[in-house]
Structures are given as C-alpha cells and as structure tokens.
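# Examining the three-dimensional arrangement
Here's the letter readout for the chains.
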Amino acid sequence: MLYGMKYNDQTGDGITADDTGIEGWTIELLLDDQVIATTETDADGYYSFSGLGPGSYVVREETRDGWVAIGETSYAVDSLGGQELGSYDFANFEEFSICGTKYNDRTGDGITTDDTTIEGWTVELLLDDQVIAETTTDANGDYMFEGLGPGTYVVREETPDGWVVTGEYSYTVEGVSGTDAVGRDFANFQEYAISGTKYNDQTGDGITADDTTIEGWTVYLLFDGDIVQTTTTDANGGYMFEGLGPGTYEVREETPDGWVVTGESYYTVDGESGSDVTGLDFANFQEFAMYGYKYNDRTGDGITADDAAIEGWTVELLMDGDVIATTTTNSNGFWYFEGLGPGTYVVREETRDGWVVTGESSYTVEGVSGGELGSYDFANFQEFTIYGTKYTDRTGDGISQDDTGLAGW
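Residues numbered from 1 in each chain as written. Predicted model: local features only at pLDDT ≥ 70, side-chain atom pairs only at ≥ 80, totals over all residues. Heavy atoms only, no water.

## Quick notes on the overall build of the protein chain
Across its full length, the protein chain carries zero helices and 39 strands. Based on the C-alpha atoms only, the size of the protein chain along its principal axes is roughly 190 × 35 × 30 Å. Within the protein chain, contacts between residues separated by at least 24 positions form 58% of all contacts whose residues are at least 6 apart in sequence. Summed over its atoms, the accessible surface of the protein chain is roughly 21900 Å², and 42% of this surface lies on carbon and sulfur atoms. Counting 15 positive and 80 negative side-chain charges, the protein chain places the centres of these two groups 15 Å from one another. (Helix = DSSP H or I, 4+ residues; strand = E, 2+ residues; numbered from the N terminus. Contact = heavy atoms within 4.5 Å. Areas by Shrake-Rupley, 256 points an atom, 1.4 Å probe, with all protein chains shown as cover. Lys, Arg positive; Asp, Glu negative; His and termini not counted. Charge placed at Lys NZ, Arg CZ, Asp CG, Glu CD.)

Below is the structure:
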C-alpha cells in the first residue's frame, strides 16, 4: 500500500507539527506515465492506494491556482508488490493578500471617522529588502497586493515632501497560508501655513480700511510653550509660518514699549491637514502725546505775539469724565501729556478767581496712533481795576494841592 498526507503548510517553511491536513485534495497514481488511479484526501488529509502490483509508480498531487507547492509535488515509487510503501507527503501554502487604506489624517491624532482617504498614493511591497511590487491607492484610498507566497514581507508607503507620517510608515508581514493581512493602513498629515498681517490701528477702534500696515514687526510661533519659529512682517505687514505639522500652535506678536494692543495679542491654532490658516491679524496703537501753551492775554483779543506765557498754571487730562493726569505749565507756559493710548480725551485748564477765559477752556481730542497732537493753547485775561479822585476845583484853574476831595459824587 502507498499512502501519505496532504498538509497546509502554514508558514511555508516545510511540514511542522503546527501544520494541518487538507481534506478533498486530489492525488493521482501513475504507471508508465498513465494515470491509473485517483483519490482525495480525507478529513485529516490522509490518502492511500492499495492492491498495487510490482512496477515503477509516480504519485503526484493536483496543482491548484492560488496554492504554492512546498516540497515535492510528485514522487517516483518502485514497488515489488505486497509491501507497504509510504509515507509520501505533500505540502502547500495558500497564497494570501496584504491590503489596507491610505488616510488623510486631518488633525494628526491618528485615524478617525472624520478622516478622508487619498487616491493615487504609492505603496511598495518588499521581500528580502528588494521592491518586488508597487501599486497606488484607488478612489477609496485602498491598495492590495495579492497572490503572495510564503516569506517575510515589508509593505511601506511613499513619503512625499510636505506630508508628515502620523501612523505607521511600514509594516512587516509574516505570510500565513490563506490568511490575508488586512488593515495595514497608512495615515499622513499634509503640512500647512499660518499667516496674517500687522496693522497700525490709527484710532484704536480695531482694524479698518484707513489703518496702515507695519513692516519689521516680530511675530513668534510657539509649540508646547517653546518658540519654534520667529519671523518679521514684510513691506506689506504680512507674515507667514509654513511647513507646519500636526499639533496645537500659538502665534504671538511682540509688544514693544509705547504700543497698546487693540486686537488679539495671540492666537491658538489647531492645525488641520493641508488647510492653511489665514487672517490671524494683529493691531496696535502707538501711544501719542498732547501739548499746548498757557498765555496771559494782555488785551483780551486773543493770543498775539505780545502776550506773555504763564508759568505754574494747572492743566488736567480727563477720560470718561475722570481726571487721569495733571500737569503745570513751565517757565515758557508749556504743558505736555505723553504715553496716551487710544480713546477720546478732554484737556482743560484750571479756573482761577480774577481771571477771564478769552479762548477755549477745554478741548476734546481723539487719539491718533503715534501722533503728537497740539497745540492746544489756553488764554486768560486777568481782571484789573480803574480808580481816581473827585475834586472840588476851588479856583477853577485845574486840580491843585489846595483842592479838596468831594465825597458822594
């Protein structure tokens, strides 16, 4: 009798104790190149031919698409008759597939249901460090390598410039007979840019069409609290940070002395794959100054070149009805307020008994970024006295020392 086993070689490395028998596999027996008998393996993968006479036989297995022979596919057997021959075993490895999907990882935090797939992405298959196949993802982002025999494979994706790997870059796959390797997915995040403009907020009321841009202003990009990039605004006030990967960034502007922030001082950005973030604008108001003079209006007809300055006169600065600063005029009658931010101010002079206002007693001033506003001048006329004496001209020849005063006139 001639017999043997048909094995499913799980790893393609030859028959081992872990391999299982295959039922229903056809085995042929030939004599003189003619098939004289066929049989199928049983539930355990066992087959046998009995009642054989003397002769030179060949026992062979069928060949099936999708299966790779591991070892012998046929044996030459010399029988003298009446003897038990075996065991002539066969082993095959069922081809398998490797497949997966290519994702655009929108937030860079790994594949989620919100992520989209990418068509046309190149994936390579390697065996023994050699590229043996290459494919591109389909309209659904899927790829597949099929008809693979035993061995240790590496499947890897391309890495184009401007894309960051957020999952596995490659997978090592040990082939297992008939067991497809699925879910070998790849995910990438497309780099993006952050940009905006720096404005000189002329009136401090937010960015408007009248505001100008500022060149040479420093802007910082932070990640995890650390500065990772620094740039300065261009001739149009624009800035840009590009080539950014996934994560949460912070964009901050410098804050030089003498400037007041009138918009956002920083932005927090959670990047999205391939989606540039624009319009992260900054606006600042440059502190301004206000000045004027205090005059003694000698004739009360308004300030002229003949009028003298008054030293020590108090001038007040108000905002929203509250006095926020005071000063006194110097020896030239000059007064000055500086370091003023945006808003509407009132500047007014003190009022003194015995003095008459001959000009403005107060001015309403709208702040202008970086301006030096003036001259807001004040003028007063100091009240005076007119006096004399009433005489009785005794001789009618004009007032003389002999004349007496006349009361009640």
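## Section: the pairing of strand S26 (residues 266–270)
Looking along a regular strand, one sees the side chains alternate between the two faces of the sheet. Burial of the side chains of S26 is restricted to one face: Tyr267 and Val269 are buried, whereas none of Tyr266, Thr268 and Asp270 on the reverse face is. Taken together, the five bridges between strand S24 (residues 248–253) and S26 define a ladder with antiparallel strand orientation. The partner of Val251 across the bridge, within S26, is Tyr267. (Buried < 20%, exposed > 50% of the residue type's maximum accessible area, 1.4 Å probe, protein only. Pairing = 2+ DSSP bridges.)

## Points about the environment of Ser275
Within the secondary structure, Ser275 is located in the loop between S26 and strand S27 (282–286). Looking at Ser275, the relative accessible area reads 30%, which means it is partly exposed. Residues Ser275 and Ala193, spaced 82 residues apart in sequence, show a C-alpha to C-alpha distance of 7.6 Å.

## Examining the nonpolar core
Core analysis: the biggest nonpolar cluster contains 18 residues, and Phe96, Ile98, Leu125, Tyr143, Phe145, Leu148 and Val155 have the highest contact counts within it. The set of elements that each furnish at least two residues to this core consists of strand S1 (2–8), strand S9 (90–94), strand S10 (96–104), strand S12 (122–127), strand S14 (142–148), strand S15 (152–157) and strand S17 (170–174). With three residues, the single largest contributor to this core is S14. Apart from residues lying up to four places away in sequence, Ile98 is in contact with Leu125, Tyr143, Met144, Phe145, Leu148, Tyr153, Val155, Val173, Ala181 and Arg184. (Core = buried A, V, L, I, M, F, W, Y, C linked by side-chain atoms within 4.5 Å.)

## Brief notes about the environment of Tyr376
Looking at where Tyr376 falls in the secondary structure, it is placed in the loop between strand S36 (372–373) and strand S37 (378–382). Dropping the residues within four chain positions of it, Tyr376 is found in contact with Met290, Tyr291, Gly292, Tyr293, Trp335, Val347, Tyr363 and Val365.

## What to know about the sheet that holds S12
A sheet is described by the order of its strands in space; here four strands give the open sequence S13-S12-S15-S17, paired in antiparallel fashion. Of all strands in the sheet, those bounded by a partner on one side alone are strand S13 (130–136) and S17. Strand after strand, the sheet turns through a mean of 20° between neighbouring axes, direction not considered. In terms of strand pairing, S15 meets S17 through five bridges, oriented antiparallel. When the bridges of S17 are listed, Tyr153 appears paired with Val173. (Axes fitted to C-alpha atoms, helices over the stretch in contact; angles between N-to-C directions.)

## What to know about the packing of aromatic side chains
A full pass over the atoms with the stated rule returns 31 aromatic pairs. For the ring pair Tyr47 and Phe49, a centre distance of 6.1 Å and an interplane angle of 65° mean the geometry is edge-to-face. We classify Tyr47 as buried; its relative accessible area is 1%. Under the relative-accessibility criterion, Phe49 is labelled buried at 6%. Considering the side-chain rings of Tyr239 and Phe282, the 6.0 Å spacing of their centres and the 35° angle between planes classify their relative orientation as tilted. One end of the pair, Tyr239, is in strand S23 (residues 238–244); the other, Phe282, is in strand S27, with 43 residues separating them in the sequence. Taken together, Tyr47, Phe49, Tyr75, Tyr88 and Phe90 form an aromatic cluster joined through their ring pairs. Across from the ring centre of Trp25, 4.0 Å away, lies the NZ or CZ of Lys6, which sits over that ring. Seen from the ring of Trp313, Arg352 lies directly overhead, with NZ or CZ sitting 4.1 Å from the centre. (Phe/Tyr/Trp six-rings, centres within 6.5 Å; stacked < 30°, edge-to-face > 60°. Lys NZ or Arg CZ within 6 Å of the ring centre and 35° of its normal.)

## Some thoughts on the sheet that holds strand S8 (residues 74–79)
Remark on secondary structure: sheet strands pair via backbone hydrogen bonds, oriented parallel or antiparallel. Here we have four strands laid out as an open sheet, ordered S4-S3-S6-S8, and antiparallel in their pairing. Two strands in the sheet have a free side with no partner beyond their single neighbour: strand S4 (34–40) and S8. Across this sheet, the average inter-strand angle for adjacent strands is 25°, counted without regard to direction. Pairing between strand S3 (residues 26–31) and S4: six bridges, direction antiparallel.

## Focus: unusual backbone geometry
For the peptide bond that leads from Gly374 to Ser375, omega is 5°, which places it in the cis range. Considering the arrangement of structural elements, one finds Ser375 in the loop between S36 and S37. A positive phi angle is found at Asp33, which is not glycine, with a value near 65°. Despite not being glycine, Asp129 has its phi angle at roughly 65°, a positive value. Checked against the element boundaries, Asp129 lands in the loop between S12 and S13.

## Re the pattern of salt bridges
Scanning all chains against the criterion turns up 11 salt bridges. Arg60 serves as the salt-bridge partner of Glu28, at 2.7 Å between the closest nitrogen and oxygen. Placement of the pair is Glu28 in strand S3 and Arg60 in strand S6 (residues 55–61), with a sequence separation of 32 residues. On the basis of relative accessible area, Glu28 is assigned to the partly exposed category, the value being 21%. (Salt bridge = Lys/Arg side-chain N within 4 Å of Asp/Glu carboxyl O.)

## Describing a negative patch on the surface
Negative charge collects at one region of the surface, where Asp65, Glu94, Glu95, Glu146 and Asp180 lie side by side. With respect to the element layout, Asp65 can be found in the loop between S6 and strand S7 (67–69). A relative accessible area of 81% means that Asp65 is categorised as exposed. (Patch = residues over 30% accessible without salt bridge, like charges linked within 9 Å, V, L, I, M, F, W, Y side chains within 5 Å.)

Read these as spatial facts, not as claims about activity.
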